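# A closer look at the structure
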Amino acid sequence: MMSGADIRKSFVEHYKAKGHVIVPSSSLVPDNDPTLMFANSGMVQFKNNFTGVDTRLSRAASVQRCVRAGGKHNDLENVGHTARHHTFFEMLGNFSFGDYFKQESLEWGWQWVTETLKIDPSRLCVTIYHDDDEAFKIWNEVIGLKKEDIIRIASSDNFWTMGDTGPCGPCSEIFYDHGPEVYGGRPGTPEEDGDRFMEIWNHVFTQFDLQKDGTKVPLKNKNIDTGAGLERIMAVAQGVHSNYDTDVFQAIIGAAARVAGTEYRKNAEADVSMRVVADHLRAMTFLMVDGVMPSNEGRGYVLRRIMRRAMRHGHMLGVDKPFIHGLVPTLVGVMGEAYPELQRGAAMAMDVIKMEEERFGKTLKQGMSLLDDATKGLKAGDTLGGDVVFKLYDTFGFPVDLTADALRAKDIQLDEEGFKTSMEAQKARARAAFKGSGDAKLSDVWFEVQEKTGTTEFLGYKVTQAEGVVQALVADGKQVDAIAAGSSGTMVVNQTPFYAESGGQVGDTGVVSGDGFKARVTDTQKVLDGVWIHSVTVDVGTLCVGSNAELQVDNARRSAIMRNHTATHILFAGLREVLGEHVVQRGSRQDDKMTRFDISHPKAVTAEEIAKLEAWVNERIWANVPVVTKILAKEDAVAGGATAQFGEKYGDEVRVVYVGTPDSVNLVTADLCGGTHVGQTGEIGLFRITSESSVAAGIRRIEAVTHETARASYAAEADLLKQLAGQLKVKAGELPERIKALQSAAKAGGKAAAGAGVDVSALLSKAEDYKGGKLVVAEVSNADGEALRVAVEDLKGKLGSGVVLLGSATEGKVAIVAGVTKDMIGMISAGDMVKAACGAIGGKGGGRPELAMGGGAGSVAEALAAGRGVAA
């Protein structure tokens, strides 16, 4: 008997020998079709090959993992009750993109089935589309099937179409006869829905282009797309009727039975539960390996439904403790060789499954008790009220299909309309509560959008490019159908790689494009419960609701943000190490330029402490430890030492970011965080603190840069030192002594001499009101940098509270000096003003938040205007 692994391997070898490129299974989350929730067939990953966008392959074969548990392809309710329904399955397929066609496809398929698998040809029959004489001739004259074993079918079952128009073509299916002891008839007979004749392989011949008027125009390049369910093939090859009696399923069912203290085939109801657990274990584990995590929306909710359905059936087996996670090693044992990613992700999947089991276990018994009480007076054919179904959903976490599954054994229906009414009433209450919260951005339009689109699925933890469907557009506070070139608005898509601003990390920017349009994404935000809104400016064409869109995050900017964000986590750990455990986060912001971090600390951080911090952080960066993310229950995360971010709200489940390996000596920090991060700390490169200042009483602000920005800041200071050394005609190492000598000389000569020619009284008369203080921005004639510095210090003293920016040109060189009084340092930095001013004239400068100096060559007026812009 061939095992499932043997069959999988033989298929691959068969088509490899026929010149096919063996393509590994793609992820269950399609990256090239935004209309699909999950990959549900082998051809999904070859979409671009079939359409001609990708011409690198002419023939390919694959074993594709698939899930059908959401949307119109939903086998969930039948799983466990039939011999062949599954949520997760594997699809064997061979594909031709303008290469070979019908004869090769049918011949090679027949060879593998009858010669390699040694399935008795006398138990096989085939179907063709009723007018496909070419396929009939191949089956009859080339392969040798009897005419009575070739069945013509006129229905759409044997003719594939992509839609109302586009590529299409006839199909030919191979059926296996389980024998007269099984009820059912051949395809095309009234008894065809029975289990006796089972389809094991479908060959689709894409040879026409369907026109609007219904005519079929022959395609220049004809394609082959076949699909054979591995589970059905295993059942036939292993001589069993049910897919669940094959080796892969029996290994998992046996492990579940041992935990439950029972045996398979002893009790019909228990057998159903064991089949459900076995099937759902495969689906949940592979979904998590492919990046889907349990949640209350989108793909994550489908996963949660699968998990909770399995947990209920575990409860029915009498297992009252978490056990499904313990079956993962068995799954790895039977499928890990074929899917190495399953081996790599097994530990993570076990952790998440266990967490979900523990969480749902707390309410499962209570919910089942409520359900039992609510159905005591009901008999077969009755209906359970929608209010009870909603309470089970809202209070006890029962997905509706789980409740329906529980009622199935009693033949009781549920009131879906009543459930929807209760759900709408809850949404209305939530909407009223939000509108009463005073959040200005929560205008009515966003509630309308949420009702229309639901939540957005975020893909950006794994990818920065994806396809999505435009679900809503908003312009001038109203929903619109389109945004034309030259106009701006807000876009909502079903799924996105763009990170929405939260937790201190700014939103992503990038590009969205599609058929005839291209737009810039200038910001990404999040409103209500998980609606991602993309600020867009359309540059080409018209962006329309319903359009398929390719979404591309600005990778360079995202990478810089990730470096700064991860560095912030290391900085926080360093602050607690250097300053003390009293340090608490009071706010943060990470963009592509820098990180800003506010902490509670009673005094200024000294230069010596800053040096220690920089050394501590860089040591962890250069250790190049991994950055690991886990999904945990909030209470477990906090109990395990994870730190929560200031001002953030968390659900029952949280993402925990570990800098360093969890539970190891190289662990630097563990924090609750939903942001995006580097994979290894070495990617940060370099860390430097550029500013330390006071924001409010007892609150200090630290600003820092990483990677190339940090290197550039060191280089700029080195250049400045070189310039100063040149001007003073000393080596850079001799600058301290030279400056000390100059200071002594200045003291001897008196400040008045140094500031000669600067009329401070005249400058005071130009003072403007500014944020409760005064602002002086002025050009001074023929004053060098030292003269300006003395004047700035004098003006600060006379103003009491204010900001001063002075500039002067002497002998073609421009000097710029800025000063800020202590009480206004949290509002504006002298260093920022000088950098902007000097940057406008091609110069450089810098200093402290309270005093900064610089220079350049050009217009003093332009420099002062740029510096003044910082104070705007």
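Per-chain numbering applies: the sequence of each chain, read as written, is numbered from 1 onward. The model is predicted, so local features are restricted to residues of pLDDT at least 70 and side-chain atom pairs to those at 80 or more, both for listing and for counting; the totals for chains, interfaces and linings are taken over all residues. Side-chain measures were taken over the full set of non-hydrogen atoms in the model, leaving aside hydrogen atoms and water.

Moving on: helix H22 (residues 785–799). Helical segments are the DSSP runs of H or I of at least four residues, strand segments are the runs of E of at least two, and each set is numbered from the N terminus. The span you would expect from a helix comes to 1.5 Å times its residue count less one. Here H22 contains 15 residues, and its C-alpha end-to-end distance of 21 Å stays within 8% of the 21 Å for a straight helix at 1.5 Å per residue. We call a residue buried when its accessible area falls under 20% of the maximum for its residue type, exposed when it is over 50%, and partly exposed in between, using a 1.4 Å probe and counting protein chains only. Taken together, the buried positions of H22 are occupied by Gly 785, Ala 787, Leu 788, Val 790, Ala 791, Val 792, Leu 795, Lys 796 and Leu 799.

The general pattern is negative phi for most residues beyond glycine and trans for most peptide bonds. Positioned with a positive phi, Asn 624 is a non-glycine residue whose angle comes to about 55°. With respect to the helices, strands and loops of the structure, Asn 624 is situated in the loop between helix H16 (607–622) and strand S27 (627–633). Judged by its relative accessible area of 39%, Asn 624 is partly exposed. One non-glycine residue, Lys 729, lies in positive phi territory at about 55°. Of note, Lys 729 is situated in the loop between helix H18 (707–727) and helix H19 (735–749).

Helix-helix packing is described using two parameters, namely the angle between the two axes and the distance between the axes. Comment: axis = line fitted to C-alpha atoms, over the contacting stretch for helices; angle = value between 0 and 180 degrees taken between N-to-C directions. Two numbers describe how helix H10 (residues 340–375) lies on helix H11 (residues 386–396): the axes approach to 10 Å, and their chain directions differ by 165°. Taken together, H10 and H11 sit at an angle that is classed as roughly antiparallel. The two elements H10 and H11 meet at a crossing, and its hand is right-handed. Along the contact surface, H10 presents Phe 360, Thr 363, Gln 366, Gly 367, Leu 370, Leu 371 and Ala 374, while H11 presents Val 388, Lys 391, Leu 392 and Phe 396. Its residues placed into classes, the contact of H10 with H11 shows seven nonpolar, three polar and one charged. Comment on the angle field: the value is read as roughly parallel under 35 degrees, roughly antiparallel over 145, roughly perpendicular from 65 to 115, and oblique elsewhere. Handedness of each helix crossing follows the sense of rotation of the near helix against the far helix: counterclockwise by less than a right angle gives left-handed, clockwise gives right-handed. Residue contacts are defined here by distance: any two heavy atoms, one from each residue, within 4.5 Å place the two residues in contact. Throughout this entry, Asp, Glu, Lys and Arg are counted as charged residues, while Ala, Val, Leu, Ile, Met, Phe, Trp, Tyr, Cys and Pro are counted as nonpolar. The remaining residues, Gly among them, count as polar.

This part is about the confidence of the model for the protein chain. Confidence of the predictor at the level of single residues is given by pLDDT, which spans 0 to 100. Within the protein chain, residue pLDDT values average 89, and 95% of them lie at 70 or more. Note that residues 436–441 has pLDDT below 50 and, in this model, three contacts with residues that lie over four places away or in other chains. Across residues 750–755, confidence stays below pLDDT 50; counting only partners more than four residues off in sequence or on other chains, it has five contacts.

Trp 112, Trp 139, Ile 200, Trp 201 and Val 656 are the most contacted members of the largest nonpolar core, which has 117 residues in total. Take this core: its biggest share by element is 11 residues, from helix H7 (residues 268–289). Residues within four places of Trp 139 in sequence aside, it is in contact with Leu 106, Trp 110, Val 126, Ile 128, Gly 144, Leu 145, Ile 150, Ser 172 and Ile 174. Here the nonpolar core consists of buried residues drawn from Ala, Val, Leu, Ile, Met, Phe, Trp, Tyr and Cys, with membership extended through side-chain atoms lying within 4.5 Å.

The next thing to look at is the packing of aromatic side chains. When two rings of Phe, Tyr or Trp (its six-membered ring) have centres within 6.5 Å they constitute a pair, described as stacked for plane angles under 30 degrees, edge-to-face for angles over 60, and tilted for the intermediate range. Under the counting rule described, the total for this entry stands at 24 aromatic pairs. Arranged with centres 6.1 Å apart and planes meeting at 50°, the rings of Phe 390 and Phe 419 form a pair that is tilted. Of the two residues, Phe 390 is situated in helix H11 and Phe 419 in helix H13 (residues 416–435); the sequence distance between them amounts to 29 residues. Summarising the burial analysis for this pair, Phe 390 and Phe 419 share the class buried. Arranged with centres 4.9 Å apart and planes meeting at 80°, the rings of Phe 458 and Tyr 461 form a pair that is edge-to-face. A relative accessible area of 17% means that Phe 458 is categorised as buried. In textbook terms, an aromatic cluster arises when at least three aromatic residues are bridged by ring pairs, as seen for Phe 11, Tyr 15, Trp 112 and Trp 201. For a ring to carry a charge above it, either NZ of a lysine or CZ of an arginine must fall within 6 Å of the ring centroid while also lying within 35 degrees of the normal to the ring plane. The side chain of Arg 576 reaches across the aromatic face of Phe 572, ending 4.2 Å from its centre.

Right, let's talk about the pairing of strand S28 (residues 653–659) for a bit. Most of S28 is tucked away: six of the seven residues are buried. A pair of strands is considered paired only if DSSP assigns at least 2 bridges between the two. Direction of pairing for S28 relative to strand S29 (residues 669–672): antiparallel, over a ladder of four bridges. Residue pairing across strands places Val 657 opposite Asp 671, the latter belonging to S29.

With antiparallel pairing, the three strands of this open sheet are ordered in space as S27-S28-S29. Each of the sheet's edge strands pairs with one partner strand only, and the pair in question is S27 and S29. If you compare each strand with its neighbour and ignore which way they point, the axes differ by 25° on average. Of the pairings in the sheet, the one linking S27 to S28 comprises seven bridges and is antiparallel in character. In the strand pairing of S28, Lys 630 is matched with Val 656. Contacting S27, S28 and S29, helix H15 (residues 555–578) crosses the sheet at an angle of about 115° to S29.

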